[in-house]
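The chain contents come next:
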Amino acid sequence: MGPPAAQTGFPAAPCSFFLGGGGGGGGGENKKKKPRNAPAAGLCRARFSRPAPLPPAGGSCPGDATGRPAGSGADAAGPGSTWTGIAAGPGLGRLRGKGRPGRPRPRLPPPGRAEPSRAEPSRAEPLRRLQPPSAMAPGSLVLFLSILGALGLGDPGPLEDVVIDRYYIPKICLREVQMGDFIRYHYNGTFKDGKKFDSSYDRGATVAGVVGVGRLITGMDRGLQGMCVNERRHLIVPPHLGYGSIGVAGLIPPDATLYFDVVMLDIWNKNDKLQITTLSKPEHCNRTVENSDFVRYHYNGTLLDGTPFDSSYSKDSTYDTYVGTGWLIKGMDQGLLGMCAGEKRSIIIPPFLAYGEKGYGTVIPPQASLVFSVLLVDFHNPKDGVFLEYLEVPESCKRRAVTGDFVRYHYNGTLMDGTLFDSSYSRNHTYNTYIGKGYIIPGMDQGLQGVCMGERRRVVVPPHLAYGENGAGDKIPGSAVLIFDVHVIDFHNPADPVEIETVYRPEGCNVTTRDRDFIRYHYNCSLLDGTKLFSSHDYEKPQEVTLGANKVIEGLNSGLLNMCAGERRVLIVPPHLGHGESGARGVPGSAVLRFEVELISMEEGVPEGYLFIWHGEPPANLYEQMDLNKDGEIPAEEFSTFIKTQVAEGKGRLMPSSDPEKVIADMFRNQDRNQDGKITSEELKLKSDEDQEKIHEEL
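Everything numeric here is computed off the predicted structure, so don't read it as measured data. (Residues numbered from 1 in each chain as written. Predicted model: local features only at pLDDT ≥ 70, side-chain atom pairs only at ≥ 80, totals over all residues. Heavy atoms only, no water.)

(A) Broad picture of the overall build of the chain. Scanning the chain for helices and strands turns up ten helices and 31 strands. Counting all 699 residues of the chain, 51% fall into the buried class. Contacts spanning at least 24 positions in sequence make up 72% of the contacts within the chain whose residues lie at least 6 apart. When the accessible surface of the chain is totalled, it reaches about 33,700 Å², and 51% of it is carbon and sulfur. (Helix = DSSP H or I, 4+ residues; strand = E, 2+ residues; numbered from the N terminus. Buried < 20%, exposed > 50% of the residue type's maximum accessible area, 1.4 Å probe, protein only. Contact = heavy atoms within 4.5 Å. Areas by Shrake-Rupley, 256 points an atom, 1.4 Å probe, with all protein chains shown as cover.)

Dropping the structure here:
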């Protein structure tokens, strides 16, 4: 169906009335005027054929040489299609056969005029409008028809035109039947006594035809005009507007008044265009459907009277196809153009842009207008690449991700209609991967190139760069466009060193930290997105550590070297110099760490493997000096007293530690080789004796 036609001026409420001016005769004071705005009877004729629902009538039939207008008397056609050589019912067409040789050809008068051989009957005055059945009490329709019979309306004489009872009018009537419109309808045809002579229902097929061009009997032509889709009417057709004084042999007697119960199912015109109504549309629409795009949409399909014939929802799957390439009916090809993803439309398609005269199977009749309620789920073009939308970019972006970088990011993954199919947030864990190496779908490999740490980015991935026609699992349909809202937490390269930024360095800094030095420092540790992990300020004392003793992660140890007391730094530690892929308590796997450090103090250390070193040469008779009571053995107390004296006199130094007693105890344990609680002269050895090193000597 195309755009709504102009209103014809028919009464808005159900009513019964006469259509005036039945034909050429019957002038004078009894001649009735045509009601205001009522449509004229059709005078055009056209050929239209289909199988006969009624048996052929015997005898001769009037031809076209009668000189009478098409659609009048027995020379008229039925509500259906044209027949050749046989009489037709109200669902059939004009009688066009020639009479048999030797039999006279009967002549019928034009509409509204009696046969010449009969006296012209007196004309009844038009009935007053009666209360419509829809507003009457139960049984009122029977009473109404009884009144008509009592007044002689079943007699062909009193009626000069069709009596119409609009006993059901839909609340919404976008269009009314006009001359030249194509229509589809169902009907039951009966006589006054209720005996049925024809029915489209019995044939299991609706009647399709054109109004006002002589394809229907004149009474039907007039009675159908002004109808809305789903409207129901009772029509009373007098003989001279039906089959006249001849009738149809064996089916419709001469001078029969015909009663029709009609429901209108479809109206369209050859001048109709596609009718598109936007039901809802997203606020943001960056792109609309064009020819050659591939679309995924849901739809409900109905006939114009509301009868459903198909639905994608019942199949639990979208309809997926290309637009503008001939894969769809023409009306749908046109109706999808210009749609946004998430938009809803109502598309009314006239038959010549749908399935036309053939219909489709048993669900779409011939010449049917189609109504589609469409929800566009997503669309793309096979030539599409990845589309990027920059949602939030940090003001400071010193580095952007490149192929080979390892990226940690959070994401929400949705379809174009907003359906969530996956989220890293729901797992409370970032997605960690290399980019540009094929570990992720090609669209994300491309979409993460050039990101900054902390950036938020939307990545729209067409299906040929995602999961293609097959989709993935039960969450991602085939040919689905995917949208990823990404928050980049951090990234690094396996070749990255520790990044050191000096925030403050005191003037006159001559002494800096080295491996084996004992230092005290404060620090704040966080992820690159600002998430706080640890801080020495949460404790009473600064952190203490011996550099190079494997007591802190490698990256932090490197960042604390060559510092002056009072210096402040920012350290960026990649995971391979931090806690690696596994992470640690409170530290995610593969996390880049940020340290803010301040060196409080430092003590010179001792070489690796030493606990004490002499500042000069050790005593020549070391054992005798260490044996303070000269009893030939050195217990732990004598050993501790001797070492402390050497440190106090500046002759040597212990390995820096927050617990010197423990360092001395470790030294004694190393010398007490048989662990009997005392050191003998045979057990006491210098480190130089053991390692053959003469740079430093240690007990």
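(B) Region of interest: the confidence of the model for the chain. Scored by pLDDT, the chain has a mean of 79; 76% of the residues are at 70 or more. In this model residues 1–157 is a low-confidence stretch, pLDDT under 50, and it forms 376 contacts with partners more than four residues away in sequence or in other chains. Under a pLDDT of 50 for its full length, residues 693–697 has, in the predicted model, 13 contacts with residues more than four places off or in other chains. (pLDDT = per-residue confidence, 0-100.)

(C) Representation of the environment of histidine 487 within the structure. As for its position among the elements, histidine 487 is in strand β21 (residues 482–492). Accessibility expressed as a relative area gives 13% for histidine 487, which makes it buried. Separated by 76 residues in the primary sequence, histidine 487 and tyrosine 411 have C-alpha atoms spaced 6.2 Å apart. The contacts of histidine 487, once residues within four sequence positions are left out, are Arg408, Tyr409, His410, Tyr425, Gly454, Glu455 and Arg456.

(D) Spatial organisation of helix α9 (residues 660–671). Over its twelve residues, α9 runs 17 Å from end to end, which matches the ideal 16 Å to within 8%, given 1.5 Å per residue. For α9, the complete set of buried residues consists of Val663, Ile664, Asp666, Met667, Phe668 and Gln671. Of the surrounding secondary structure, the elements contacted by the buried residues of α9 are β28 (612–614), β29 (634–635), α8 (636–648), β30 (652–654) and β31 (678–679). (Expected span 1.5 Å × (residues − 1).)

(E) Expanded view of the state of the cysteines. What the rule picks out here adds up to four disulfides. In this model cysteine 173 forms its disulfide with cysteine 228; the gap between the sulfur atoms is 1.9 Å. In this structure, the disulfide formed by cysteine 173 and cysteine 228 twists by about -95 degrees around the S-S bond and is classed as left-handed. Taken as a pair, cysteine 173 in the loop between β4 (163–168) and β5 (182–190) and cysteine 228 in the loop between α3 (218–224) and β8 (232–237) lie far apart in primary sequence, 55 residues in all. Residue classification places cysteine 228 among the buried positions, given a relative accessible area of 1%. (Disulfide = S-S within 2.5 Å.)

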